[in-house]
Amino acid sequence: MATTKHEAFTEEERGAMKERAKELKSKGRRDTEPEVLAKIAEMAGTERVIAERLHAVIKANAPMLTPKLWYGMPAYARDGKVLCFFQSAAKFKTRYATLGFSDEANLDDGTMWATSFALKELTPAEETRLAALVRQAVS
């Protein structure tokens, strides 16, 4: 059965899958932080500033996490498993960037809790809040 155009993956989704396949082929390399920093440097304007600040906040508050690329996005892993990631708005042509947490993150709060946060800018107040979330996530 043929799929219609609206049922197929978008160009952005196909691109992310190709990036993930490339990442898996290079798996096992020790220092992936330069690749993450290069990906952040490719971002434009405000998103680059947010990603740079997030990187600094995550490194300062969870130094045990390893920066890596995940579907072409900056991500931070513990024992090889992604704990959190930054998705730029430009990547999937969305309204805002997000900081997402996987099920590896210790953010449990009752029976429902947020795992993704919209980011339009990163002020000192948001940095403080995100630093606390990152510390909680790795606890």
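What you see is a predicted model; the values in this text were computed from it and never measured.

Some points on the pattern of salt bridges
Where charged atoms of side chains with opposite charge meet at close range, the side chains can pair.
Inference 1: In this structure the tally under the stated criterion is 5 salt bridges.
Inference 2: Between Lys 59 and Glu 33 there is a salt bridge, and its shortest N-O distance comes to 3.3 Å. Taken together, the positions of Lys 59 in helix H3 (residues 45-61) and Glu 33 in helix H2 (residues 33-42) put the pair 26 residues apart, joining distant regions of the chain.
Inference 3: Where Glu 127 meets Arg 53, a salt bridge forms, and the shortest distance between an N and an O atom there is 2.8 Å. Here Glu 127 is found in helix H5 (residues 124-138), whereas its partner Arg 53 is found in helix H3, with 74 residues between them in sequence.

Looking at H3
Inference 1: Between its first and last C-alpha, H3 extends 25 Å over 17 residues, near the 24 Å set by a 1.5 Å rise per residue.
Inference 2: Among all positions in H3, only Glu 47, Ile 50, Ala 51, Leu 54, His 55, Val 57 and Ile 58 are buried.

Considerations on the pairing of strand S5 (residues 116-119)
Inference 1: Burial along S5 is one-sided: Phe 117 and Leu 119 are buried, while Ser 116 and Ala 118, pointing the other way, are not.
Inference 2: Summarising the sheet, strand S4 (residues 97-101) and S5 pair through 4 bridges and their orientation is antiparallel. Following the sheet pairing, Leu 99 is matched in S5 by Phe 117.

What about unusual backbone geometry?
Inference 1: The phi dihedral of Asp 79 falls on the positive side, at around 55 degrees, and the residue is not glycine.
Inference 2: Relative to the elements of secondary structure, Asp 79 occurs in the loop between strand S2 (73-78) and strand S3 (81-87).
Inference 3: Assessed through its relative accessible area of 76%, Asp 79 is described here as exposed.
Inference 4: Here Lys 93, not a glycine, exhibits a phi torsion of approximately 55 degrees, which is positive.
Inference 5: Position of Lys 93 relative to the elements: it lies in the loop between helix H4 (89-92) and S4.
Inference 6: Assessed through its relative accessible area of 66%, Lys 93 is described here as exposed.

Here we look at the sheet that holds S4
Inference 1: Ordered in space as S1-S2-S3-S4-S5, the 5 strands form an open sheet in which the pairing is antiparallel. In this open sheet, the two strands that pair with only one neighbour each are strand S1 (66-70) and S5. Each neighbouring strand pair of the sheet contributes to a mean axis angle of 25 degrees, computed without reference to strand direction.
Inference 2: Against the sheet, H2 engages S1 and S2, with an angle of about 55 degrees to S1.
Inference 3: Across the sheet, H5 lies against S2, S3, S4 and S5, angled at about 25 degrees from S4, the strand it touches most.

As for the pairing of S2
Inference 1: Taking burial as the measure, the 6 residues of S2 include 5 buried ones, the bulk of the element.
Inference 2: Sheet analysis places S1 next to S2, joined by 5 bridges and oriented antiparallel. Within S2, the position partnered with Lys 68 by the bridge is Ala 75.
Inference 3: The antiparallel pairing of S1 with S2 creates a hairpin that spans 2 residues between the two strands, and Tyr 71 there sits at a positive phi of about 55 degrees.
Inference 4: Pairing between S2 and S3: 4 bridges, direction antiparallel. Note on S3: the bridge partner recorded for Ala 77 is Val 82.

Cut-offs and rules
For every chain, the first residue of its written sequence is number 1, and the numbers climb from 1 along that sequence. Local features in this predicted model are restricted to residues whose pLDDT is 70 or higher, and side-chain atom pairs enter the listing and the counts only when it is 80 or higher, whereas totals over whole chains, interfaces and linings include all residues. As a rule here, side-chain values come from all non-hydrogen atoms in the structure, and water together with hydrogens is ignored. What counts as a salt bridge is simple: a side-chain nitrogen of Lys or Arg found within 4 Å of a carboxyl oxygen of Asp or Glu. For the purposes of this entry, the term helix denotes a DSSP run of H or I that reaches at least four residues, the term strand denotes a run of E that reaches at least two, and both are numbered from the N terminus. Multiply 1.5 Å by the residue count of a helix minus one, and that product is the helix's expected span. Each residue is placed in one exposure class: buried if its accessible area under a 1.4 Å probe, protein chains only, is under 20% of its type's maximum, exposed if it is over 50%, and partly exposed if it falls in between. Paired strands, in this sense, are two strands between which DSSP finds at least two bridges. Axis definition: a line fit to C-alpha positions, over the contact stretch in the case of helices; interaxial angles, taken between N-to-C directions, run 0 to 180 degrees. In this description, contact between two residues means that some pair of their heavy atoms is separated by no more than 4.5 Å.

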